[in-house]
Structures are given as C-alpha cells and as structure tokens.
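# Summary of structural features
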Amino acid sequence: MGATTHLLFSIIFLSLNSVSLQANTLRTYIVQLHSQGMVSSLFTTKLNWHMSFLEQTISSEEDPSSRLLYSYNSAMEGFAAQLSESELESLRKLPGVVAIRADQRLQLHTTYSYKFLGLNPTRENAWFKAGFGRGTIIGVLDTGVWPESPSFNDHGMPPVPKKWRGICQEGQNFNSSSCNRKLIGARYFIRGHRVASTSVSPDSVMEYVSPRDSHGHGSHTTSTAGGASVTMANVLGNGAGVARGIAPFSHVAAYKVCWYSGCYSSDILAAMDAAILDGVDILSLSLGGFPIPLFADSIAIGSFRAMEHGVSVICAAGNNGPIESSVANEAPWIATIGASTMDRRFPAIVQTGNGEKLYGESLYPGNRILGSQKELQLAYVTSGDQASRFCLRGSLPRAQVRGKMVVCDRGVNGRSEKGQAVKEAGGLAMILTNTELNLEEDSVDVHVLPATLVGFDESIRLKTYINSTRRPMGRIVFGGTVIGQSEAPGVAQFSGRGPSFSNPSILKPDVIAPGVNIIAAWPQNLGPSGLPEDSRRVNFTVMSGTSMACPHVSGIAALIRSAHPRWSPAAIKSAIMTTADVTDHSGKPIMDGDKPAGVFAVGAGHVNPGRALEPGLVYDIRPDEYVTHLCTLGYTNSEVFSITHKNVSCHQILLMNTGFSLNYPSISVIFKRGVKSKMIKRQVTNVGSPNSIYSLEIDAPQDVRVRVKPRRLVFTGKNQVLSYRVWFISRKSAVTESMSYAQGHLTWVNAQNVLYRVRSPISVTWKNK
C-alpha cells in the first residue's frame with residue numbers, strides 16, 4: 001500500500017448507523033460447511049440450510065437472521081455470522097461444519113506504463129493481436145470506483161458481453177445509470193466492516209455507502225487494468241500523455257470491499273462469491289495481509305473456486321519488502337505480482353548553500369508555480385522526541401520552522417501528510433529524506449507545498465551540510481518529466497520478497513510489473529495528494545505499491561484471454577511467466593538496489609505482454625493437480641477440504657502419485673539435510689505452430705549438477721503435450737548455515753524461431769534442519 005493509501009485509512013472515517021452495543025461481545029466468523037450436507041437435507045435453498053445452523057446455535061429469544069452477514073455459494077460453501085464465544089463452541093460441534101475462521105482485516109497493498117511495456121497502438125503488435133482486450137471482463141476488488149472519470153467513458157466500447165450476469169448496485173451518490181459499456185457492473189460489500197468498526201468520528205470525511213470510491217485507490221487500479229484512452233492526461237502538468245489501461249477495450253466491474261479501516265475477509269469472500277456468478281474473466285486484488293497458511297487464507301480459498309470456474313486471479317505481492325519471506329498471496333493458483341520501476345523521472349533537485357546538487361524527485365508542479373524554487377533556510381528539528389524528525393502533525397515548533405524549508409525523515413506517517421504538517425507549522429517547503437529502510441527508492445507525490453524526496457545517500461550528505469553551518473540554505477529546482485534517461489526496470493525496494501513463507505516448494509512472487517510512480521484515474525472529490533485539506537482537483541494522480549503492479553498484470557491476462565479464450569488460468573499465468581524479461585531495457589541484468597536481482601525478488605522476471613501473447617509452450621495445471629500438491633505439503637484431509645471443497649484421502653493420493661511435482665512454470669528445489677538429489681517432472685503444451693522443435697538451454701545453479709531428459713522436444717501437432725524430467729544433484733559437501741540458496745534457469749528454445757524462448761527460473765534451497 002502506498003503512503004497515500006495508508007494515510008487515507010487513518011484519516012477517513014465512516015459515517016454509518018450506530019453499531020449495537022452487543023457487538024462488544026460478538027465477533028464475526030466465517031463458517032465453512034460440508035457441501036454434501038445440503039444434498040441429504042430437506043432445505044429448499046442454500047440460505048435456509050445456512051440459517052439452520054444459526055437456529056440451532058442462537059437462543060430462541062433472538063432472531064438468528066439478525067446475526068447472518070453473508071451466505072456464500074460459489075467462492076465457498078458456508079456463511080459469515082456474528083457469534084459469541086459460547087455460540088462459537090456450540091456451532092463447532094454441529095455435524096457438517098468443516099472449519100470456522102475469525103474475520104480478518106487486510107490492507108490495500110497510466111499515462112506511460114503501457115508504452116514502457118512495449119504496447120504501442122500505432123503498430124501491428126500485441127494490442128492488435130489481442131483486440132485491446134475486447135470481450136473480456138476484469139473484476140476489481142478495491143475501494144470502489146469514480147464512474148465519472150474519463151477513464152471509464154464507454155465511447156467506442158463493444159456491447160456488454162452476453163455472459164454478464166452482474167448488477168449496478170444503487171447506493172449513496174451512485175445509481176444504476178452510473179454504469180455503462182465500459183464500467184458494466186458495480187457492487188459494495190460492507191457488512192463485515194460495519195460490525196467490526198465501532199468507532200465513528202464526528203469530524204469524519206464522508207465515506208460513500210455505495211460502490212462510489214472515496215479513497216481513490218480503486219479508481220486508480222481499475223483504470224490501470226482496463227481504463228479507456230484519455231488524451232491530454234496529466235497531473236497538474238506533469239507526466240502528460242495519453243492515459244490508457246493495459247486492456248483498454250476490456251469491460252470492468254468494481255467490487256467495493258475496502259473501507260476506512262481496511263478490507264475484511266468476510267466482505268472480500270462475498271465479493272468473490274458474487275464476481276464468480278457475475279461472469280468475470282479476471283479477478284484483480286490489490287490487497288492482502290501477511291503470509292498465512294493457505295487453509296486459513298480466505299483469498300486463497302475463494303480464488304481456488306474462482307480458478308475452477310476458469311477465472312484468472314491476480315494479486316499483489318504486498319509492500320513488506322525487502323524483508324525475506326514477506327510475499328503475500330502465495331497460493332499456486334494465484335498470480336502473485338511484485339513491483340518494478342520505470343524509466344520515467346520527475347526531477348526536483350536540491351541545491352544547497354555550499355554548491356552541492358542532491359538528486360530528488362517530486363510531482364509538485366514547481367516549474368509552473370512562481371516562487372516555488374526560491375532559496376530558503378533549512379530546518380531539521382531533532383530536539384525533543386522523535387515525532388518532529390518524522391514531521392508528525394503538531395510536532396513541529398512554529399518558531400523553528402516558520403518561513404523555512406523543513407527536512408522530514410520518511411516513516412510513521414504518510415509522505416504527503418508530512419508536507420501538510422510542515423505547512424500547518426508555517427514551513428514554506430519540504431525535503432523528504434529516505435532512511436536506511438528505503439535506500440534510494442523514489443515514490444513521488446503531488447505535495448501540498450514545494451517538496452522533493454531524496455535518497456538515503458543524498459540524505460546523509462544533506463544532513464552533514466546542515467550540521468556544518470549555522471545558517472544552512474537550499475532551493476528545489478523542479479525539472480518536469482524526463483523519460484528514458486535511467487536504467488529500468490529495477491525491483492521496487494518495498495516489493496514483497498520470497499521465499500514463500502507457507503509453501504517454499506513454489507517460487508513466489510511469480511513476476512514483477514510497473515508499480516512505482518504510476519499515473520492513473522483519480523476521483524474528483526479528492527486532491528491529488530489524497531489529503532482532505534488538499535483543495536486541488538485532478539482526474540489523474542500518482543501512486544506507488546504492488547497495488548499498482550497487480551492491475552498491470554490483470555490487464556495483460558485480459559489481453560491473453562481475449563486472444564486465447566479457451567486457455568485455462570494456469571496457461572495464461574504460464575504465458576506471462578515463461579516470457580518475462582530478466583534484463584532491463586539496456587540489456588543488463590535487472591537490478592535490486594545496487595545488486596543484480598535474485599529470483600525471490602523478481603520470480604520469473606519482468607512482464608513482457610507482447611511475448612506473453614505467443615509463448616510457444618505453456619505449463620498447464622488441472623484443478624485436481626493442485627489438490628495433490630496440497631497433500632505433498634503435509635496438509636491434513638480436512639485442511640485440503642477447507643481450501644478445495646474436495647473430500648480426499650491424501651494417503652491414497654500420495655500412494656497413487658509418488659514423486660509428484662506440480663507442473664508450475666518455475667522450479668523450486670529444496671534439499672533437506674542428508675538429501676543429495678531430487679527429480680522433478682514437467683509437461684509442456686505446444687500452443688505455437690504444429691511442427692515445432694525445442695532444444696534445451698540450462699544455466700545450472702551453483703553447486704548443483706542438472707540432468708534433463710529428453711534434451712529435445714519434437715512436436716508434430718498443436719496442443720500436443722510432451723513431458724521431460726530434471727534431476728538436480730547437490731555438490732555441496734556440507735551446509736554450514738541453517739539455510740543457503742542458489743539460482744539458475746531452464747529454457748526451451750524453438751529451433752525454427754529463436755524468439756520463442758520458454759524460460760523457467762530455478763531456485764535451490766539447502767536446509768540444515
């Protein structure tokens with residue numbers, strides 16, 4: 001989640017009906033049921049059956065229906081309800097109850113990015129081949145949508161697909177005519193949030209009880225995935241160009257699940273339930289939490305059912321990088337997306353009184369506003385508590401900052417909020433300084449006063465200068481928009497990293513995509529900084545986060561789906577992964593800070609939509625293969641059932657599938673103590689020309705010998721499936737650390753056309769325990 005979003009959730013409060021006092025003793029639980037129970041029962045509807053469990057649990061004086069929040073049918077079999085501790089215990093004992101999980105709160109994790117990805121509307125290329133995403137429906141679970149945004153104009157859009165069964169739900173400042181041929185559906189899900197959020201601020205900013213977006217995040221992500229073309233798009237003059245979603249002819253549907261306090265899993269599951277029935281092709285979720293086991297993860301559970309219905313689920317990898325094992329949304333049937341940088345810059349250089357120039361960036365339109373580049377005295381307030389160093393609201397002594405350019409360290413509060421704090425204390429400008437946590441990462445903002453963000457190295461030089469003189473001076477020189485003068489893509493510092501916490505046998509994230517300084521649609525009720533005090537109004541603004549990377553891939557998935565409507569979600573994901581780039585636009589390795597990026601940062605690499613439309617070969621996976629995979633992880637039969645709704649015996653499955661490995665497009669090998677060799681099997685489906693020959697290219701991980709049989713794949717027909725096996729033999733004599741890693745790759749290269757390169761990253765882990 002970008003700092004703007006983080007800030008919004010701390011300052012925008014919900015004006016809703018008061019919550020009953022009883023909510024103090026009740027909690028929301030998601031109750032999962034055995035689907036066979038309905039078959040043998042006498043109930044005419046699923047709702048009646050679900051209600052019967054509450055009728056057996058709740059005392060006769062109370063109406064059980066008042067406790068029911070949602071009845072789930074497609075994303076999960078079961079319901080969400082409010083229960084006391086004693087009622088929870090009674091419900092657990094009823095036959096047919098599989099699992100009960102407490103409701104969890106999750107958080108939310110353009111004019112140029114399509115060009116950066118090589119999508120060019122003037123040439124016969126990927127966009128044309130995919131019909132610009134024509135006929136596909138992208139469902140976005142987020143903070144809602146601002147339907148009047150020019151990005152959701154339906155001029156030139158094809159008719160609404162016949163398979164669409166969704167609605168345009170009416171609500172506060174939102175009616176059924178708010179939808180059109182571009183924005184074909186909108187719903188909101190608030191019950192889980194409403195019963196969990198008891199605090200209501202009297203001075204709150206209005207939160208619309210409808211699909212209307214009052215935060216901006218949802219409009220931004222939805223337009224990134226499938227926004228219409230908008231000419232003359234810019235943010236107060238910066239980043240000017242034609243704004244387009246990645247799949248500009250696809251239809252979009254908004255499912256509002258996130259409110260001021262976050263996004264509750266009961267609401268998310270209800271939205272997934274509705275979206276599957278509505279007929280979406282792609283589900284885009286720029287939200288999530290910390291990694292948890294798949295059987296406790298509502299997004300993993302809901303997305304399994306979506307995948308079975310042929311829906312591709314694309315999720316953000318989370319913003320807790322660069323910490324190891326911080327990647328969220330790790331289920332193998334989900335496409336997990338990390339964030340990358342682009343080669344577009346917004347220079348705002350600090351010139352200090354001693355003649356130094358410190359590189360910084362900002363979207364404040366300083367080159368257009370008179371007096372915003374004048375020299376001012378610098379102030380860095382470090383006395384007293386830490387609050388003033390971070391420029392928290394009310395922490396800056398007016399006498400020390402009035403009329404000055406204030407230096408603020410990143411962290412604790414939102415980046416734009418720091419500028420508001422400086423402004424309120426009488427400061428005239430701000431320099432945001434990265435700490436060791438952010439290093440040189442440069443997420444820009446449309447600040448409320450002249451401001452820039454400098455990297456960690458520059459911040460040390462700046463503070464050294466401030467400490468060296470009694471009257472330090474500085475000015476910010478704003479340089480507008482600059483394209484193509486920096487190496488990109490690189491890995492965003494904040495992007496969630498592997499190895500996967502709950503399932504290291506699958507390499508996560510899957511790929512990275514543009515997620516830093518993305519310009520996309522913005523509501524007209526908010527200033528571009530997202531602050532309630534910001535009175536400026538724009539149709540577009542800038543945001544950073546894996547939240548922004550996720551919808552880029554949702555749009556690419558829509559393009560592939562449009563070009564290949566019969567492909568499964570696994571085939572679509574395989575096409576995106578095996579064609580990803582591992583070098584930047586100058587041909588050098590993609591960098592992660594000051595070192596080449598590893599597989600736990602980039603997965604298979606950086607998305608390349610042009611190549612993904614024609615991958616040559618795909619690694620397909622049937623739903624039952626995921627079930628076998630879960631059994632290999634040591635999950636119990638009931639844990640597997642709670643994810644897949646399949647009644648299985650893992651013991652029998654493992655006996656029938658000895659040596660099973662999931663047919664994933666990337667390869668993760670784990671050598672436990674005493675194990676020296678591993679064999680994995682893969683199958684590839686030929687989706688290119690019928691007569692194709694592929695030869696092997698191997699980059700073996702350090703200290704590992706790799707043998708592959710066969711070394712050539714000879715296809716004689718389209719959709720033909722061929723298998724190969726890979727043996728990994730460890731050459732490490734002894735593992736001293738508790739864990740060590742190596743990486744490489746395996747690539748199948750088409751002998752007739754070397755442009756078809758089907759590449760799988762390899763991750764090897766040695767565990768000493």
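Residue numbers run consecutively from 1 along every chain, following the written order of its sequence. Reporting in this predicted model follows two pLDDT cut-offs: at least 70 for local features of residues, and 80 or more for side-chain atom pairs to be given and counted; totals over whole chains, interfaces and linings ignore these cut-offs and use all residues. To obtain the side-chain values, all non-hydrogen atoms of the structure were used and water was disregarded.

Our working rule: UniProt positions are given in the numbering used here, feature names are shortened, and annotations may be inferred rather than shown by experiment.
Labelled according to an unreviewed UniProt entry, the protein appears under the name Subtilase, originating from Trema orientale. Under the UniProt heading Function (unreviewed entry), the note attached to the protein is "Required for arbuscular mycorrhiza (AM) development during AM symbiosis with AM fungi (e.g. Glomeromycota intraradices)." Recorded in UniProt under Subcellular location (unreviewed entry), the annotation for the protein is "Secreted, Extracellular space, Apoplast".

### A look at a positive patch on the surface
Condition: Exposure above 30% relative accessible area and the lack of any salt bridge qualify a residue for a patch; like charges then connect within 9 Å, and the nonpolar side chains Val, Leu, Ile, Met, Phe, Trp and Tyr within 5 Å. Residue exposure ignores everything except the shown protein chains as possible cover, and the areas themselves are Shrake-Rupley values with a 1.4 Å probe. Put simply, a salt bridge is a Lys or Arg side-chain nitrogen that is within 4 Å of an Asp or Glu carboxyl oxygen. For this count, His and the chain ends are skipped, Lys and Arg are scored as positive, and Asp and Glu as negative. A charged residue contributes its charge at one atom only: NZ of Lys, CZ of Arg, CG of Asp or CD of Glu. When a residue's accessible area, from a 1.4 Å probe over protein chains only, is under 20% of the maximum for its type it is buried; when over 50% it is exposed; and in between it is partly exposed.
There is a patch of like positive charges on the surface, built from Arg705, Arg707, Lys709 and Arg731. Residue classification places arginine 707 among the partly exposed residues on the basis of a relative accessible area of 35%.

### A few points about the packing of helix 10 (residues 298-308) against helix 18 (residues 623-632)
We apply this condition: Axis lines are fitted through C-alpha atoms, for helices just across the contact stretch, and the angle between N-to-C directions can take any value from 0 to 180 degrees. Helix and strand assignments come from DSSP, with helices taken as H or I runs of at least 4 residues and strands as E runs of at least 2, each series counted from the N terminus. Any two residues having at least one pair of non-hydrogen atoms within 4.5 Å are treated as being in contact. Think of it as three bins: nonpolar holds Ala, Val, Leu, Ile, Met, Phe, Trp, Tyr, Cys and Pro, charged holds Asp, Glu, Lys and Arg, and polar takes everything else, Gly as well.
Between helix 10 and helix 18, whose axes approach to 10 Å, the crossing angle comes to 145 degrees. Here Phe304, Met307 and Glu308 of helix 10 lie close against helix 18, whose contacting residues are Pro623, Tyr626 and Val627. In terms of residue class, the contact of helix 10 with helix 18 is built from five nonpolar, no polar and one charged.

### Remarks on unusual backbone geometry
Of all residues except glycine, most have a negative phi; of all peptide bonds, most are trans. Of note, the amide linkage connecting glycine 321 to proline 322 takes the cis form, showing an omega dihedral of 5 degrees. For proline 322, the location among the structural elements is in the loop between strand 15 (312-316) and strand 16 (334-340). In this model, glycine 498 is joined to proline 499 through a cis peptide bond whose omega is 0 degrees. Checked against the element boundaries, proline 499 lands in the loop between strand 26 (482-483) and strand 27 (511-514). For asparagine 173, which is not a glycine, the phi torsion comes out positive at approximately 55 degrees. Relative to the helices and strands, asparagine 173 resides in the loop between strand 6 (137-142) and strand 7 (183-188). Take asparagine 173: its relative accessible area is 52%, and that puts it in the exposed class. Of note in the backbone geometry, serine 325 takes a positive phi value of approximately 55 degrees without being a glycine. Inspection of the secondary structure puts serine 325 in the loop between strand 15 and strand 16.

### Some remarks on helix 10
The cut-off we apply is this: Any pair of nitrogen or oxygen atoms within 3.5 Å is treated as a polar contact; in protein, a donor-acceptor pairing is required on top of that, and neighbouring residues in sequence qualify only through side-chain atoms on both sides.
Taking burial as the measure, the eleven residues of helix 10 include ten buried ones, the bulk of the element. Of all the residues in helix 10, the buried ones are Ser298, Ile299, Ala300, Ile301, Gly302, Ser303, Phe304, Arg305, Ala306 and Met307. Regarding helix 10, its N-cap is aspartate 297, as a side-chain oxygen of that residue lies 3.0 Å from the backbone nitrogen of isoleucine 299 further along. Count one or two residues on from helix 10 and you reach glycine 310, which has phi positive near 85 degrees.

### Description of the pattern of salt bridges
As enumerated under the stated definition, the model contains 31 salt bridges in all. For aspartate 278, the salt bridge identified is with arginine 187, shortest N-O distance 2.7 Å. Linking aspartate 278 in helix 9 (residues 265-278) with arginine 187 in strand 7, this pair joins segments that are 91 residues apart in sequence. Across this residue pair, the class does not change: aspartate 278 and arginine 187 are buried. Across the pair lysine 463 and aspartate 409 runs a salt bridge, and its minimum N-O distance is 2.7 Å. Of this pair, lysine 463 sits in helix 13 (residues 456-468) while aspartate 409 sits in strand 22 (residues 405-409), and the two are 54 residues apart along the sequence. Here lysine 463 and aspartate 409 have matching classes, each one buried. Where salt bridges share partners, they join Arg393, Glu417, Glu424 and Glu533 into one cluster.

### Brief notes about helix 18
What sets the pattern is the α-helix's 3.6 residues per turn: residues three or four places apart point alike. Most of helix 18 sits out of view: seven of its ten residues are buried. Along helix 18, the residues that are buried comprise Glu625, Tyr626, Val627, Thr628, His629, Leu630 and Cys631. In the core, the buried residues of helix 18 are packed alongside helix 10, helix 15 (569-578), helix 19 (637-644) and helix 20 (650-656). Taken from the residues just after helix 18, glycine 634 is the one with a positive phi, measuring 85 degrees.

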